[in-house]
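The residues making up each chain are set out below.
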Amino acid sequence: MAKTFAVIGLGRFGSQIARALIEKGFEVIVVDRNEERVNEFAEIASGAFVMDGTDEKALRDAGIGDVDCAILSVGQNIESSILITMLLKELGVKEIIVKEIMPIHGKILEKLGATKIINPEKDTALRLASSFSSPRIFDIIEVSPDYSVMEVVAPKNFWGRPLRDIHLRRDYHVSVIAIRRKRTFFRENGVPDFEENIIIAPGADDEIEENDILVLLGKYENLEKVSKL
Amino acid sequence: MKKEGKSLEERFRELMEEAQFYFLSKNYEEAEKFLEAALKIKPDARALYTLGLIFEMRNEKDKAQEMYRHSLELDPDFKEAKNHLAKILKG
């Protein structure tokens, strides 16, 4: 039987993990105190509950005790995080993954039985450092020690040119794996707005538009060069 | 005086129309210029909001946030500005 998950805390981190797991076809139960956040999962999660994670009865009723793995990320609230870890342990959840808020917190969590402590902030220090150094970088994901995927706003001198003309592969050993493109439009009430579409595996003839975000795969040092163009 | 006021209003409308045209044609740098020119004539919630959209698209979130906030100061019921500001604050 496929592994089942509970994601407690639907901040940016929690909701992305939950979404990714759901996309992979796993059964995921989500929990948050914020109704709006939970509602985003109402149709896609196998259970979506508005509740306080520190409420033992509510956790039990939501079926959290039956999942194989619980992922806990409750923002900056150390107290809740510790309390929920303890409750999860008591409910018999075998695998408890907790997002660490500060190093001492991680140590306490381990003692309480968390099976894995993660610190995305620390793990992505490289990503943060890069995005601070250049606002043009939206995100960097390390795919191996050598290779990363970087999302970067298309440099100005790429605008209006087809991919074949900019020779990213030849000159920088970097591949464009996707383009995130904005589509601007007027709403029915006449207010302008934009939405984003993604062009997967763009062809050589695809032209780059102003404010496109290029999703690039390559070695970090080469990606960084492109981000500075 | 009255006549001058009217012509400024007309000028403002023209600048906004130009800005929206460029915005829709994805020529954001031009759109930005026209919006800034329009805002020199008078503060306007929609002009500020549209500038916010342009900054948001460029990942200049601080600037975008500022624009949406200004826009909401002028028009607290501006739904789209609220939505975009919420989206940015959510990260």
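1. Focus on the overall build of chain A
Thought 1: What chain A contains, in helices and strands, is ten helices and eleven strands.
Thought 2: Counting across all 229 residues of chain A, residues that qualify as buried make up 34%.

2. What to know about the overall build of chain B
Thought 1: On a plain count of helices and strands, chain B comes out with five helices and zero strands.
Thought 2: In chain B, the succession of helices and strands from N to C terminus is α-α-α-α-α.
Thought 3: For chain B, the residues scored as buried account for 36% of the 91 residues in total.
Thought 4: In chain B, of all internal contacts separated by at least 6 residues, the share reaching a separation of at least 24 is 34%.

3. Digging into the pairing of strand β11 (residues 213-219) of chain A
Residues and elements named next belong to chain A.
Thought 1: Most of β11 sits inside the fold, with five of its seven residues counted as buried.
Thought 2: Sheet analysis places strand β9 (residues 175-186) next to β11, joined by five bridges and oriented antiparallel. Within the sheet, the bridge partner assigned to A178 lies in β11 and is V215.

4. With respect to the confidence of the model for chain B
Thought 1: Per-chain confidence: chain B averages 90 in pLDDT, with 92% of residues scoring 70 or above.
Thought 2: The ipTM assigned to the predicted complex is 0.85, against a pTM of 0.54.

5. Quick notes on helix α10 (residues 220-227) of chain A
All names here are of chain A.
Thought 1: Among the residues of α10, those classed as buried are L223, V226 and S227. Projected down its long axis, α10 shows its buried positions confined to an angular sector of 100°, all on one face.
Thought 2: Taken together, the buried residues of α10 touch β7 (137-142), β8 (147-153), α9 (168-172) and β11.

6. Side note on the sheet that holds strand β3 (residues 47-50) of chain A
Residues and elements named next belong to chain A.
Thought 1: In spatial order, the strands read β3-β2-β1-β4-β5-β6; together these six strands make up an open sheet with parallel pairing. Of all the strands in the sheet, the pair left with one neighbour each is β3 and β6 (116-118). Going across the sheet, the axis of each strand differs from the next one's by a mean of 15°, ignoring polarity.
Thought 2: Where strand β1 (residues 4-8) lies against strand β4 (residues 69-72), four bridges are found, and the strand directions are parallel. Its bridge partner lying in β4, F5 is registered against C69.
Thought 3: Across the sheet, helix α4 (residues 78-91) touches β1, β4 and β5 (95-99), and the angle it forms with β5 is around 175°.

7. Points about the interface of chain A and chain B
Thought 1: Taken together, the contact pairs 15 residues of chain A with 16 residues of chain B.
Thought 2: Listed by contribution, the elements that provide at least two residues to the side of chain A that touches chain B are β9 and β10 (192-200) of chain A.
Thought 3: In terms of residues, the side of chain A that touches chain B owes the most to one element, β10(A), which gives three residues.
Thought 4: Taken together, the residues that form the side of chain A that touches chain B break down as six nonpolar, two polar and seven charged.

8. A word on the packing of helix α3 (residues 45-57) of chain B against helix α4 (residues 61-74) of chain B
Residue and element names in this part refer to chain B.
Thought 1: Across the interface, α3 lies against α4 with an axial gap of 8 Å and an inter-helix angle of 165°. Taken together, the axes of α3 and α4 lie roughly antiparallel to each other. Regarding α3 and α4, the two cross each other, and that crossing is left-handed. Side by side, α3 and α4 meet where A45, L48, Y49, L51, G52, F55 and E56 of the first sit next to K61, K63, A64, M67, Y68, H70, S71 and L74 of the second.
Thought 2: Taken together, the residues of the contact of α3 with α4 sort by class into nine nonpolar, three polar and three charged.

What counts, and where the lines are drawn
- Residues numbered from 1 in each chain as written.
- Chains lettered and ligands numbered in written order.
- Predicted model: local features only at pLDDT ≥ 70, side-chain atom pairs only at ≥ 80, totals over all residues.
- Helix = DSSP H or I, 4+ residues; strand = E, 2+ residues; numbered from the N terminus.
- Buried ≥ 20, exposed ≤ 12 C-beta atoms within 10 Å, placed from the backbone.
- Contact = placed C-beta atoms within 7 Å.
- Pairing = 2+ DSSP bridges.
- pLDDT = per-residue confidence, 0-100.
- Arc of directions from axis to C-beta.
- Axes fitted to C-alpha atoms, helices over the stretch in contact; angles between N-to-C directions.
- Nonpolar A, V, L, I, M, F, W, Y, C, P; charged D, E, K, R; others polar.
- Parallel < 35°, antiparallel > 145°, perpendicular 65-115°, else oblique.
- Left-handed = near helix turned anticlockwise from the far one by under 90°.

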